Amino acid sequence: MILNASELPWDESSGLEPFFPLDHQESSTQPELPALTVWGVALCISGTLIATENAIVVTTILATPSLRAPVFLLLASLGLADLLAGVALILHFLFRFCVEPSDWSDLLTSGLLVTSLTASLCSLMGVALDRYLSLSHALTYGSGQSRRRAATLLLLVWLGACVIGAGPAMGWHCLEELSSCSVARPLTRTYLSLLCGGFLMVVVVTLQLYAGICRVARRHAHAIATQRHFLPTNPPYPSRHSSGKGFSRLILVLSVFVGCWMPFSLWGLLGDASSPPLYTYATLVPAAGSSLLNPILYGLRNKDIRKVLLHACCPRRSSNTTRTHYPVDV
């Protein structure tokens, strides 16, 4: 995706370059590669960090046979999608500063970013659905049938994401008709509007699932509080402090989720080719930053994944650690 920044007087001394290549201008001389800037270095570093974090999560899940529950399939899908987002940022850096940019490179990076962001957002919705089902159907969820359903759902998600991401390469772009460009060139305004409309629908569904999680958790807490009046001893149920800690984590996850995805989804619907590129930067960077935060909020925060990583780094220390399994980590 390339921003329409051809009319913006960028100051080369500021170290900022457009996040995506500018519109190509016809010239009789061979174009020179732009000088490396602070913005370009930050782009490469962020892409490398995103790819490294998510590669660790995906490798840990795939290399551990015990991590085959539906939640880990969803976390692997989320990590793979964010890994592709990091690779797309690195490729954009290479095409921008190391190789002469062309139309095919613009379409390649745009399609890869659209595919990765679509799969990432749908995987986040799948994680919310997994948490809801693991609480509301704690006795039956997690069986072999549930794993097969999760694998089938993820297959459909990735097929849909690949079809959507292939839109620009299949001709749904504005390289030949600049008047139809959106705030993110070479995507057309119609294409980006449909994409952002779908993003908003996924965000709304995800928020509804988390609202359902809160309702189920409150019912469970009320049932546990009622049982304590009739039990002779206090069983190791989660305390009020741990419940409050779980809700605070839930608020953090929702705040990051909405803060990362809502701005660009709304701006893609409201903006057009004449909109200031700075606004597109301000909304697109949080969406890409979601790929940097997801491994921490969803992958590395999972106790089972942390246990595997700790065992790989410090086998002696991890052999002495024990944990209590709960249906789901909120």
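Residues numbered from 1 in each chain as written. Predicted model: local features only at pLDDT ≥ 70, side-chain atom pairs only at ≥ 80, totals over all residues. Heavy atoms only, no water.

For clarity, the threshold we go by: UniProt positions are given in the numbering used here, feature names are shortened, and annotations may be inferred rather than shown by experiment.
For the chain, the name recorded in an unreviewed UniProt entry is G-protein coupled receptors family 1 profile domain-containing protein, with Poecilia mexicana as its organism. Under the heading Subcellular location (unreviewed entry), UniProt records this for the chain: "Cell membrane". Listed in UniProt under the heading Sequence similarities (unreviewed entry), the comment for the chain reads: "Belongs to the G-protein coupled receptor 1 family."

### Let's talk about the nonpolar core
As a reminder of what qualifies: Definition used in this section: a nonpolar core is a set of buried Ala, Val, Leu, Ile, Met, Phe, Trp, Tyr and Cys residues joined via side-chain atoms within 4.5 Å. Burial here depends on accessible area, computed with a 1.4 Å probe over protein chains only, as a share of the maximum for the residue type. Under 20% is buried, over 50% is exposed, and the range in between is partly exposed. Helix and strand definitions follow DSSP, with helices as H or I runs of at least four residues and strands as E runs of at least two, each counted in order from the N terminus. Should any heavy atoms of two residues lie within 4.5 Å, those residues are counted as being in contact.
The biggest cluster of nonpolar side chains holds 43 residues, and the ones touching the most others in it are Ile61, Leu75, Leu121, Leu192, Tyr210, Trp261 and Tyr298. Those elements giving two or more residues to this core turn out to be α1 (38-62), α2 (70-97), α3 (103-136), α5 (189-228), α6 (240-270) and α7 (277-299). In terms of residue count, the dominant contributor to this core is α5 (11 residues). Setting aside its immediate chain neighbours within four residues, tyrosine 298 contacts Leu75, Leu78, Leu124, Val127, Arg131, Tyr210 and Val253. Listed in part, the five residues of the second largest apolar core include Leu43, Ile50, Leu89 and Phe93.

### Re helix α4 (residues 144-165)
Spelled out, the test is: A helix is expected to span 1.5 Å for every residue after the first. Summarising the geometry, the arc corresponds to the directions from the helix axis toward the C-beta atoms.
Here α4 contains 22 residues, and its C-alpha end-to-end distance of 31 Å stays within 8% of the 32 Å for a straight helix at 1.5 Å per residue. All of the buried residues in α4 are Ser146, Ala150, Leu154, Val157, Trp158, Ala161 and Gly165. Along α4, the residues classed as buried sweep out an arc of 105° about the axis, all on the same side. In α4, those exposed residues whose orientation departs by more than 90 degrees from the buried face are Arg148, Arg149, Leu155, Leu156, Leu159 and Val163.

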